[in-house]
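Single-letter residue listing:
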Amino acid sequence: MMSRFALLFRRSLSGYDCDRVGLQVRKVRCTSQTRHLSQQRAGEECCGTDDSSPATRKDSVATRGVNLSHPTFVVWGANTGVGKTLLSAGLLGSILSSRKARSRDVMYLKPVQTGYPADSDARFVTREVSNILRSSPHGIQNKVYICNHTLKASPAVHWAVKSKFSNHAAVLGVVAGEETGMKDLGSYEELILEGSQRPNFYMNGHDNLEADSQGRSTESFSSALASLPSQLTCKTMLSWFDPVSPHYAAQTERTLVDDSYVIHSIQSALESHNIGYINDGSGCEAGEESRAEKWVLIETAGGVASPGPSGTLQCDLYRPLRLPAVLMGDGHLGGISSTISAYESLHSRGYDVGAVVLSDYGLDNEKPLLKYLQGRVPVFVLPPVPDISKGLSDWFDESQVCFSQIRYALEESHLRRIQRLHEMPRKAEQILWWPFTQHTMVPTGEITLIDSRCGENFSVFKSTDGDRLESQFDACASWWTQGPDMHLQPELAREAAYAAGRYGHVMFPENVHEPALRCAELLLEGVGQGWARRVFFSDTGSAAIEIALKMAFRKFVKDHASFFSADTSWKSVESQPSLKVLALSGSYHGDTLGAMEAQAPNPYTGFLQQPWYSGRGLFLDSPKVYMQMGQWQLDIPDSLLKDNAVKVKHADTVFDSRDDVFSATRDQTNLAETYRAYVDNQLSVHKAKEVKNVIAALIIEPVIHGAGGMEMVDPLFQRVLVSVCRNRNVPVIFDEIFAGCWRFGVQSTSELLNCYPDIACYAKLLTGGTVPLAVTLATEDVFESFKGLSKLDALLHGHSYTAHAMGCATAVAALQYFKDPSKNTNLLPSGRLLELWEPELVAAISCHPSVKRVTTIGTLFACELQDKDSGYASTSTKGLIQSLRANGIFARPLGNVVYFLCGPLTAPASCKILLQVLESHLSREMEQIKN
């Protein structure tokens, strides 16, 4: 029996003319129960119950997740008018008319609609899908419930709907001076398509539900609706009257909408869809997970790069969700170019394109597309679209096989993705060797599967409670490399792609290319301003340190020629004094052999880690600064005070603020004299004992010892170190691999220490964290020490990918972006970053009984927990780390030290949330101990 149109139930709060919907309407009495059920189905709470308006909603630390238990695709267009909505309607019709599943729960979302109410893609989908189902050769086996909802609208839409007036200029003129902002519209339309199975309820002439033909008791209409085995829910989230680009409509109708509001609204709608309202005979009640087959299509507005309501390109606007794409290409003249451009825009931003579809207009556009895509993405060709005003039933019938093929390809794509996600942790455990990881301590279930990254958030796959992607804030900045937000990330990707397309890779010695030269110029104008003149490129931080040591040692040899024999050739190494460094205990300068020799014994240099380690240096204890019980304090090792005639005052060891710690006025205190006497004494003792060993360089991690436990070294002590070495003509190296490029709130720690190095190293944040690149900056005097008549006098060090164009290009973009106050809203007029960590919260955490010390500076917050087995091997933070990750914060500890590391662009509000989550965990932990 062919399906027939049994009942159309519609209620429009706006009073919009039903005839314009294109469906004949039978009016039905609407009870409070039916209204409540309809609003439940619509998920109007996704936009209607949030206290914040679309224009004022702010980002949280991490956005909500995405359910992967069913196919969810975004329909994109190569341009406006290419047929996205036709594709949506045909695909949805194919899904609902398929005989594969018994019941289906399908949703169509239109996040942004302009030209409303005259134009509504959701209304078009509602009408055409119902027509497709009624004409389906398979018939409708079970009832299908179809509803169309428009949630929020501009004042112009409200006025047009209320007045039923469609004159464009008149409507916009009337609302020009009215209240701004998006308001609840609450327009919805509903219909029921009856299948071949007779319903157990019917409407009498008085619009009342009566007993069925078997005499069973009367059911309420809301209960009948809840029993429908299949349904299509169409939602228009935000609508504007003017039929123009969303950003222009939002501007002219004075209804600006924040990007995060659009994303959160979509996520809320997806979440409401995951809660089933269909009773398919499995005992599922409203509010429980439905067993119906689910599908979701989200259709964008215009082309891939058309602006959204805020002006952000849609391909960037929807990137936090990174939902797989269906691209509706253009079959007209010029469509090959626009389709490929649209595909490239999606691909370069990390979208997975499941299919490319276009209509056939006799130009064979699919052939160049197939050649270009090389089998990576299937291409489907629909028949040419006729004049829509003459009806589309025949076209949809003709396209039915193609839509079935598209549906099948997308479902297969979804299944392959899920299968791969499930197998990845197991395969990773079998074939990967992770750094700094004891594999026996990582169960398969605790492996974090990162599907993607958007700005500061990971998208992490979870399968413990259904397949889903959850967003986690990258609170360790992926080993201190990350700085971009979601706006900078695509810019860096474009710069890397441009450099790769233009240069690929080219060798560097005796050559120059624009990205390398511009990068060097920016570094000398920025972190090297006032002292550096030369830039040496390498690939990693450890390599940059190795280079710095070679530079410093050569400079020392040139300046102290009398210490060395006249024969300085490579054959004379054994006859020369041994060169060592002056460094601080607790510092860390990298994993390579030479870099490890420049650090004091630590867990990373033990025999099992580095059997060749000998520790070629004089390693001094250093005073540390931290906050404890709300007070900034100085902890001075006993070794610094021993045998010292100068007495240190208590006032010199406590500070009202962190700024006082860095004050240059401290140079005149007794403490400065104590430091100087200690350093001079240590150098003198070493010189007397180690006749054949010469201190030839000072190397320090300025301000913070990173891998050593995020400890802040007294800046006065480091300033004294530099001064003493200057007086002894010993080159100074600043290891700013971690600290540089705004990590501590300034371009370079020279601004904090009020002194300059001779050599400094930068990496990590240098490229914004996109690709590896490192540099070693040096003074002209250091460079001059390598000049000579023989090539053997040159710096014989280099890497295959030295100054690679992709790294240099992204570094240029990142350095300029971080320094641009129009893009980096955290930048103060002084050129420093504003305070990112709320002082009151920091002080409160420092007072917690389980906290030993707290350190904050720039983008860093560090908290050391009380632990009798402190150190890198400590596992005391495991519970806290699990709690943080469960709350959307991906943290990785350093032993008993938990730290948060945001970026130069991170909003202070996000940092506040990080601290609040941490404080909440500590408080709960204390309550559990008390109980």
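Residues numbered from 1 in each chain as written. Predicted model: local features only at pLDDT ≥ 70, side-chain atom pairs only at ≥ 80, totals over all residues. Heavy atoms only, no water.

Enquirer: Is there a simple way to think about the overall build of the protein chain in this case?
Expert: Across its full length, the protein chain holds 29 helices and 33 strands. Here the protein chain holds 931 residues, and the buried ones make up 55% of them. Nonlocal contacts in the protein chain, meaning residues at least 24 apart in sequence, comprise 73% of its contacts between residues at least 6 apart. Approximately 39,800 Å² of the protein chain is accessible, and the part contributed by carbon and sulfur atoms is 51%. (Helix = DSSP H or I, 4+ residues; strand = E, 2+ residues; numbered from the N terminus. Buried < 20%, exposed > 50% of the residue type's maximum accessible area, 1.4 Å probe, protein only. Contact = heavy atoms within 4.5 Å. Areas by Shrake-Rupley, 256 points an atom, 1.4 Å probe, with all protein chains shown as cover.)

Enquirer: I keep staring at the nonpolar core and nothing clicks. Help me out?
Expert: Soluble globular proteins tend to pack their nonpolar side chains together in the buried interior. In terms of nonpolar packing, the biggest core is built from 150 residues, with Met-710, Trp-837, Phe-861 and Phe-900 touching the most fellow members. For this core, the element with the highest residue contribution is helix α18 (residues 541-559), accounting for nine residues. Built from parts of two domains, this core gets at least three residues from each of domain 2 (487-563 + 579-823) and domain 3 (833-930). By size, the runner-up hydrophobic cluster in this structure holds 48 residues, among which are Leu-151, Val-304, Tyr-351 and Val-379. (Core = buried A, V, L, I, M, F, W, Y, C linked by side-chain atoms within 4.5 Å. Domains from an automatic or database assignment.)

Enquirer: Looking at this model, I keep getting lost on unusual backbone geometry. Mind explaining?
Expert: The phi angle of most residues is negative, glycine excepted, and most peptide bonds adopt the trans form. With an omega of 10 degrees, the peptide bond running from Tyr-116 to Pro-117 counts as cis. Relative to the helices and strands, Pro-117 is located in the loop between β5 (104-113) and α4 (121-134). Phi at Arg-254 takes a positive value of approximately 55 degrees, unusual for a residue other than glycine. Among the secondary structure elements, Arg-254 is positioned in the loop between α8 (246-252) and α9 (259-274). Even without a glycine there, the phi angle at Glu-510 is positive, about 65 degrees.

Enquirer: Help me understand the sheet that holds strand β18 (residues 534-538) in this model?
Expert: Whenever strands of a sheet pair, they do so through backbone hydrogen bonds, lying parallel or antiparallel. Strands sit in the order β18-β29-β28-β27-β24-β19-β20 across an open sheet of seven strands; the sheet is mixed. Among the strands making up the open sheet, the edge pair consists of β18 and β20 (617-620). Between one strand axis and the next, the sheet turns through 25 degrees on average, direction left out of account. Relative to strand β24 (residues 693-700), strand β19 (residues 578-584) runs parallel, the two sharing five bridges. For Lys-580, the partnering residue across the bridge sits in β24 and is Ile-695. Contacts from helix α17 (residues 514-525) reach β18 and β29 (774-778) within the one sheet, and its direction differs from that of β18 by about 125 degrees. Its contacts with the sheet place α18 against β18, β19, β24, β27 (732-735), β28 (759-762) and β29, and it is angled at close to 135 degrees to β24. (Pairing = 2+ DSSP bridges. Axes fitted to C-alpha atoms, helices over the stretch in contact; angles between N-to-C directions.)

Enquirer: I would appreciate a short explanation of the pattern of salt bridges in the present structure.
Expert: Once their charged atoms are close, side chains differing in charge can pair, the charge on each being opposite to the other. Taken as a whole and assessed by the stated rule, the structure comprises 29 salt bridges. Of the charged contacts in the structure, one is a salt bridge between Arg-468 and Glu-470, with a shortest N-O distance of 3.6 Å. Owing to a relative accessible area of 29%, Glu-470 belongs among the partly exposed residues under this scheme. Here the salt bridges share partners, and the residues they tie into one network are Arg-322, Asp-352, Arg-417 and Asp-451. (Salt bridge = Lys/Arg side-chain N within 4 Å of Asp/Glu carboxyl O.)

Enquirer: Would you mind showing me how to read the pairing of strand β14 (residues 379-382) here?
Expert: The two faces of the sheet receive side chains in turn, since in a regular strand these alternate between them. Pairing of strand β13 (residues 353-359) with β14 involves four bridges; the strand directions are parallel. In the sheet register, Leu-358 faces β14, and the bridge partner there is Val-381. In this region the chain leaves β13, passes through helix α12 (residues 366-373) and returns to the parallel neighbour β14; the handedness of that crossover is right-handed. (Right-handed = clockwise from strand over helix to strand, strands pointing away.)

Enquirer: I tried to follow helix α22 (residues 670-689) on my own but got confused; where do I start?
Expert: The periodicity of an α-helix, 3.6 residues per turn, causes residues three or four places apart in sequence to face the same way. With 20 residues, α22 should reach 28 Å at 1.5 Å per residue; the first-to-last C-alpha distance of 29 Å fits that figure. Inspection of α22 places Leu-671, Ala-672, Thr-674, Tyr-675, Tyr-678, Val-679, Leu-683 and His-686 among the buried residues, and these make up the whole buried set. Take α22 and look down its axis: the buried residues cluster within an arc of 165 degrees, on one side only. Residues of α22 that are exposed and angled more than 90 degrees away from the buried face: Lys-687 and Ala-688. (Expected span 1.5 Å × (residues − 1). Arc of directions from axis to C-beta.)

Enquirer: How should I be thinking about the packing of helix α16 (residues 488-502) against helix α26 (residues 805-818) in this particular structure?
Expert: Axis angle and axis distance: for two packed helices, these are the angle between their axes and the distance between the axes, and together they describe the pair. It is the contact of α16 with α26, at a shortest axis distance of 8 Å, that shows an interaxial angle of 150 degrees. Accordingly, the angle class assigned to the pair α16 and α26 is roughly antiparallel. The way α16 lies across α26 gives a crossing that is right-handed. Residues Leu-488, Glu-491, Leu-492, Glu-495, Ala-496, Ala-499 and Ala-500 of α16 lie in contact with α26, whose contacting residues are Ala-805, Met-806, Ala-809, Thr-810, Ala-813, Ala-814, Tyr-817 and Phe-818. Partitioning the contact of α16 with α26 into residue classes produces 12 nonpolar, one polar and two charged. (Parallel < 35°, antiparallel > 145°, perpendicular 65-115°, else oblique. Left-handed = near helix turned anticlockwise from the far one by under 90°. Nonpolar A, V, L, I, M, F, W, Y, C, P; charged D, E, K, R; others polar.)

Enquirer: Explain helix α28 (residues 878-886) to me, please; I cannot follow it from the model alone.
Expert: Buried within α28 we find Leu-880, Ile-881, Ser-883 and Leu-884. One side of α28 carries all its buried residues, which in axial view fall inside an arc of 160 degrees. Looking at the residues trailing α28, positive phi occurs at Gly-888, about 85 degrees.

Enquirer: Can you help me understand the packing of aromatic side chains in this one?
Expert: Here a ring pair, both rings aromatic, is described through the centre-centre distance and the interplanar angle of the planes. Scanning the entire structure with this criterion turns up 19 aromatic pairs. Arranged with centres 5.5 Å apart and planes meeting at 65 degrees, the rings of Trp-76 and Tyr-351 form a pair that is edge-to-face. Taken as a pair, Trp-76 in strand β4 (residues 72-77) and Tyr-351 in the loop between α11 (335-348) and β13 lie far apart in primary sequence, 275 residues in all. The exposure class of Trp-76 is buried, given its relative accessible area of 0%. Note on Tyr-351: relative accessible area 3%, which makes it buried. (Phe/Tyr/Trp six-rings, centres within 6.5 Å; stacked < 30°, edge-to-face > 60°.)

Enquirer: How should the packing of α11 against α12 be read in this particular structure?
Expert: Where α11 contacts α12, the axes come no closer than 10 Å and their chain directions differ by 30 degrees. With respect to each other, α11 and α12 are oriented roughly parallel. As for how α11 packs across α12, the hand of that crossing is right-handed. On α12, the residues that touch Ile-336, Thr-339, Ile-340, Tyr-343 and Glu-344 of α11 are Pro-368, Leu-369, Tyr-372 and Leu-373. Considered class by class, the residues forming the contact of α11 with α12 number seven nonpolar, one polar and one charged.

No statement about biological role is implied by the geometric values presented.
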